[in-house]
Amino acid sequence: MEENKKELPAISFSDLFIVLRRCWIFLLIAALLVGGGTAFYLYYTHTDVYSANATLFVLRETGKQYTETSDVSIANNLIYDVADTVLSNDVLQAAITATGSKQTAKNLAGMIEVDPIPEDTPTHIVKFKVKSNDPKEAQELAAALVDCVCDKMSELFNGEKYVKPYDSIVLPTSPCNPVRVVCIPLSGAVAAVLLYFVFLLVYLLDGRVDNEETLKRELNVILLGEVPNLADAKRISQKKSGRYYATYYAQKKDGEAK
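A.B. asks: What is the right way to look at the overall build of the protein in this model?
C.D. replies: Along its length, the protein carries 9 helices and 4 strands. Secondary structure of the protein in N-to-C order comes out as α-β-α-α-α-β-β-α-β-α-α-α-α. Split into buried and exposed, the 258 residues of the protein put 28% on the buried side. Counting only contacts in the protein whose residues sit at least 6 apart along the sequence, the fraction spanning at least 24 positions is 71%.

Written as structure tokens, this is what we have:
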């Protein structure tokens, strides 16, 4: 025995337009509320962070016009140690003391980001950055870390200078985490789209025939006219479009009373 299976209603462009025509005001309100809420949230929770970049050059200073092969080999092996030295406790404490910062060694370590050293490309450059809410603090800590790393490596090699500053540290003028303004309208658009799909789902699940398009599609009946809803005419009697129905409704009630 074959079972009757109810087919899912097909979606046409007219259906999409009908739903949009019915709920566009709700979509607009949802977009404005969510977009405004996103802007409010970003305004009160976002904090600008500034990044000061520092660069170290690893190679022994010999005072000669040429570089020996042994020095290059030592520098190639030493570059990883220099990167680790940036985050060593002695260097962090020395940088805090030199700048008079109120940061702890643990907090300062979280503010430092050392760039990874490529293994396939030989380099003598170590780069790191210091991030802070205060651009001046970021610059001062980065400069102090550069000096402290150089002093620490010189101390480890009995006064031999294997590390030196490669570039000056510039005061950051713009945050490294700017607010993406596009997030505000995007969040509103996403909310409107999600709400539209909710209205569309309700429309598709509604089996009532309440418009001309559905009448033609479901029953293949051509609409010849519409019968006014007299109950609605009473509520809109003050409107120009409902005066005729309101008068007719009043006359009908008087006739029934007689």
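Still to come is the rest of the account.
A.B. asks: Teacher, can you tell me more about the pattern of salt bridges here?
C.D. replies: Side chains that carry opposite charge are capable of pairing whenever their charged atoms lie near each other. For the structure shown, the criterion picks out 3 salt bridges. Here K152 makes a salt bridge to D90, at a shortest N to O gap of 3.2 Å. Linking K152 in helix α5 (residues 135-156) with D90 in helix α3 (residues 89-99), this pair joins segments that are 62 residues apart in sequence. Linking K129 and D115 is a salt bridge whose minimum nitrogen-to-oxygen distance equals 3.2 Å.

A.B. asks: Help me out: how do you make sense of the pairing of strand β1 (residues 50-58) in this one?
C.D. replies: Across a regular strand the side chains alternate sides, sitting on one face of the sheet and then on the other. Among the 9 residues that make up β1, 8 are buried, leaving the element largely enclosed by the rest of the structure. Sheet topology places β1 next to strand β3 (residues 125-132); 8 bridges connect them, and they run antiparallel. Bridge pairing in β3 links Y50 to S132. Across 3 bridges, the pairing between β1 and strand β4 (residues 163-165) is antiparallel. Of the residues in β4, the one forming a bridge with F57 is K164.

A.B. asks: Is there a simple way to think about the packing of helix α1 (residues 13-45) against helix α6 (residues 183-205) in this case?
C.D. replies: Relative placement of two packed helices is described by the angle separating their axes and the distance separating the axes. Between α1 and α6, whose axes approach to 7 Å, the crossing angle comes to 145°. For the crossing formed where α1 meets α6, the hand is right-handed. Counted by class, the contact of α1 with α6 contains 21 nonpolar, 4 polar and 2 charged residues.

A.B. asks: Is there a simple way to think about the sheet that holds β4 in this case?
C.D. replies: Remark on secondary structure: sheet strands pair via backbone hydrogen bonds, oriented parallel or antiparallel. The strand order across the open sheet formed by 4 strands is β2-β3-β1-β4, and the pairing between neighbours is antiparallel. Bordering the open sheet on either side are β2 (112-114) and β4, each of which pairs with just one other strand. On average, each strand axis in the sheet is inclined to that of its neighbour by 30°, with strand direction left out of account. Where β2 meets β3, 3 bridges bridge the pair, whose relative direction is antiparallel. By the bridge assignment for β3, V114 is matched with F128. Seen against the sheet, α5 touches β1, β2, β3 and β4 and runs at an angle of roughly 20° to β1.

A.B. asks: I would appreciate a short explanation of the nonpolar core in the present structure.
C.D. replies: What tends to happen in soluble globular proteins is that the nonpolar side chains get buried as a cluster. The biggest cluster of nonpolar side chains holds 37 residues, and the ones touching the most others in it are L56, V82 and F128. Broken down by secondary-structure element, the contributors of at least two residues to this core are β1, α2 (69-85), α3, α4 (105-111), β3 and α5. It is α5 that provides the largest number of residues to this core, a total of 10 residues. When sequence neighbours within four positions are dropped, the list of residues in contact with V82 reads L56, V58, V126, V149, M153 and V163. Ranked by size, the runner-up nonpolar core spans 8 residues in total, among them C23, A192, Y196 and L200.

A.B. asks: When you look at the environment of V86 in this model, what are you seeing that I'm missing?
C.D. replies: Along the chain, the position of V86 falls in the loop between α2 and α3. Residue class for V86 comes out buried when judged on its relative accessible area of 0%. Note: C-alpha distance between V86 and C150 (64 residues apart in sequence) is 9.7 Å.

A.B. asks: Would you mind showing me how to read a nonpolar patch on the surface here?
C.D. replies: Side chains of L20, W24, I25, F26, L28, I29, L32, L33 and V34 sit close together on the surface and give an oily, nonpolar patch of about 860 Å² of accessible area. Mapping I25 onto the fold places it in helix α1. Assessed through its relative accessible area of 35%, I25 is described here as partly exposed.

A.B. asks: Help me out: how do you make sense of α3 in this one?
C.D. replies: In an α-helix, one full turn covers 3.6 residues, which means residues spaced three or four apart are oriented alike. Among all positions of α3, only V91, L92, A95 and I96 are buried. Down the axis of α3, the buried side of the element spans an arc of 135°, and every buried residue falls inside it. In α3, the exposed positions angled more than 90 degrees off the buried face are occupied by T97 and A98. Following α3 by one or two positions, G100 adopts a phi angle in the positive range, close to 70°.

The rules behind these values
Residues numbered from 1 in each chain as written. Predicted model: local features only at pLDDT ≥ 70, side-chain atom pairs only at ≥ 80, totals over all residues. Heavy atoms only, no water. Helix = DSSP H or I, 4+ residues; strand = E, 2+ residues; numbered from the N terminus. Buried < 20%, exposed > 50% of the residue type's maximum accessible area, 1.4 Å probe, protein only. Contact = heavy atoms within 4.5 Å. Salt bridge = Lys/Arg side-chain N within 4 Å of Asp/Glu carboxyl O. Pairing = 2+ DSSP bridges. Axes fitted to C-alpha atoms, helices over the stretch in contact; angles between N-to-C directions. Left-handed = near helix turned anticlockwise from the far one by under 90°. Nonpolar A, V, L, I, M, F, W, Y, C, P; charged D, E, K, R; others polar. Core = buried A, V, L, I, M, F, W, Y, C linked by side-chain atoms within 4.5 Å. Patch = residues over 30% accessible without salt bridge, like charges linked within 9 Å, V, L, I, M, F, W, Y side chains within 5 Å. Areas by Shrake-Rupley, 256 points an atom, 1.4 Å probe, with all protein chains shown as cover. Arc of directions from axis to C-beta.

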